[in-house]
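# An overview of the molecular structure
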Amino acid sequence: MEIAHVRRRFGYRRIHDLLRPEFPGVNHKRVYRLYRQAKLAVRKRKKGKRPINERVPLQLARTVNEVWSMDFVSDSLAGGRRLKYLTVADDFTHESVDIVVDFGISGQYVTRVLERAALFRGYPKAVRTDNGPEFTSRAFMVWAQAHGIRHILFQPGRPMQNGYIESFNGKLRDEQLNESWFETLHQARASLAIWRTDYNEVRSHSSLGYVCRGQVRLIA
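Okay, so let's go over this structure. A quick note: this is a predicted structure, and the numbers were derived from the prediction, not measured. (Residues numbered from 1 in each chain as written. Predicted model: local features only at pLDDT ≥ 70, side-chain atom pairs only at ≥ 80, totals over all residues. Heavy atoms only, no water.)

Moving on: the overall build of the chain. Helices and strands together make up the secondary structure of the chain, namely 8 helices and 8 strands. Within the chain, counting contacts between residues at least 6 apart in sequence, those at least 24 apart form 61% of the total. Carbon and sulfur atoms provide 51% of the accessible area of the chain, an area that totals close to 13700 Å². (Helix = DSSP H or I, 4+ residues; strand = E, 2+ residues; numbered from the N terminus. Contact = heavy atoms within 4.5 Å. Areas by Shrake-Rupley, 256 points an atom, 1.4 Å probe, with all protein chains shown as cover.)

Take a look at the structure:
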């Protein structure tokens, strides 16, 4: 009982492991019986219910800001500290709406990034994400509802329902993350800004008639 109260997440098997050096003759069955009699069973943690949102197949966008797709990419500094990238792309122009990198990105952080992008582009009609905690957080859901933005969740195990951002993230990994080792967060952000400018304003895209992504938005 003393062990169970100190180590509250230990089950009877781990408690038995701690008792065994002092009581080698006591097997795990006896510990289990005493454990049950003392009502020391660990309560299972209930997972918070995530909101049930619309899940629809990937569809072609027909206008700018019709749908923004979002996802996360992981990386690390040369010293081993983890980095988290938030990528946001416009499904119609295939343009990088924004990319941010930090040591941690919460749901509220995501909404600040989207608010900043909306100052220059306007708000999207819909956003497409997976059901990660950042995108199903209260902060994110309230933000989307406040601006009348439809939240589209792609089905678990079917990443191609978020194919635009999957393709974008593949390019980001191949051309930026796999080719560079950053020593500081500032260095990663500076290099990322250069890559994003080139991606949007210099390189053309075959599906856009070999026009750069930024020009498509201006023409539309």
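That shown, we press on.
With that settled, the discussion passes to the packing of aromatic side chains. Throughout the structure, instances matching the rule amount to 9 aromatic pairs. Their ring planes at 55 degrees and their centres at 4.6 Å tell us that tyrosine 12 and tyrosine 32 sit as a pair that is tilted. Placement of the pair is tyrosine 12 in helix 2 (residues 12–19) and tyrosine 32 in helix 3 (residues 28–37), with a sequence separation of 20 residues. On the basis of relative accessibility, which here comes to 18%, the residue tyrosine 12 falls in the buried class. Consider the rings of tyrosine 123 and tryptophan 143, whose centres lie 6.3 Å apart with planes at 55 degrees: the pair is tilted. Linking tyrosine 123 in the loop between helix 4 (107–121) and strand 5 (126–129) with tryptophan 143 in helix 5 (residues 138–146), this pair joins segments that are 20 residues apart in sequence. According to the relative accessible area criterion, tyrosine 123 is partly exposed, its value standing at 35%. (Phe/Tyr/Trp six-rings, centres within 6.5 Å; stacked < 30°, edge-to-face > 60°. Buried < 20%, exposed > 50% of the residue type's maximum accessible area, 1.4 Å probe, protein only.)

Here we come to the packing of helix 2 against helix 3. Where helix 2 meets helix 3, the axes come as close as 9 Å, and the angle between the chain directions of the two elements is 120 degrees. Here helix 2 is positioned oblique relative to helix 3, judged by the angle of their axes. Handedness of the helix 2/helix 3 crossing: right-handed. Between helix 2 and helix 3, the contacting residues are Tyr12, Arg13, Ile15, His16 and Leu19 on the first element and His28, Val31, Tyr32 and Tyr35 on the second. Tallied by class, residues from the contact of helix 2 with helix 3 come to 6 nonpolar, 2 polar and 1 charged. (Axes fitted to C-alpha atoms, helices over the stretch in contact; angles between N-to-C directions. Parallel < 35°, antiparallel > 145°, perpendicular 65-115°, else oblique. Left-handed = near helix turned anticlockwise from the far one by under 90°. Nonpolar A, V, L, I, M, F, W, Y, C, P; charged D, E, K, R; others polar.)

Right, let's talk about helix 5 for a bit. The set of residues buried in helix 5 consists of Phe140, Trp143 and Ala144. Across the axial projection of helix 5, the buried residues extend over an arc of 95 degrees, all falling on one side. In helix 5, the exposed residues that point more than 90 degrees away from the buried face are Arg138, Gln145 and Ala146. Those residues of helix 5 hidden inside the fold are in contact with strand 2 (67–76), helix 4, strand 5 and strand 6 (150–153). (Arc of directions from axis to C-beta.)

As a further point, take the side chain of glutamate 95. Residue position: glutamate 95 is located in the loop between strand 3 (82–90) and strand 4 (96–102). There is a polar contact of 2.9 Å between the side chain of glutamate 95 and the side chain of arginine 121. (Polar contact = N/O pair within 3.5 Å; in protein donor to acceptor, adjacent residues only side chain to side chain.)

For the structure on display, the rule yields 6 salt bridges. With a closest N to O distance of 2.9 Å, aspartate 90 and arginine 121 form a salt bridge. Taken as a pair, aspartate 90 in strand 3 and arginine 121 in helix 4 lie far apart in primary sequence, 31 residues in all. Look at arginine 121 and you get buried, because its relative accessible area is 13%. The residue aspartate 98 makes a salt bridge to arginine 116 at a minimum N-O spacing of 2.8 Å. Here arginine 116 lies in helix 4 and aspartate 98 lies in strand 4, a separation of 18 residues in the sequence. Via salt bridges that share partners, Asp90, Glu95 and Arg121 belong to a single interconnected network. (Salt bridge = Lys/Arg side-chain N within 4 Å of Asp/Glu carboxyl O.)

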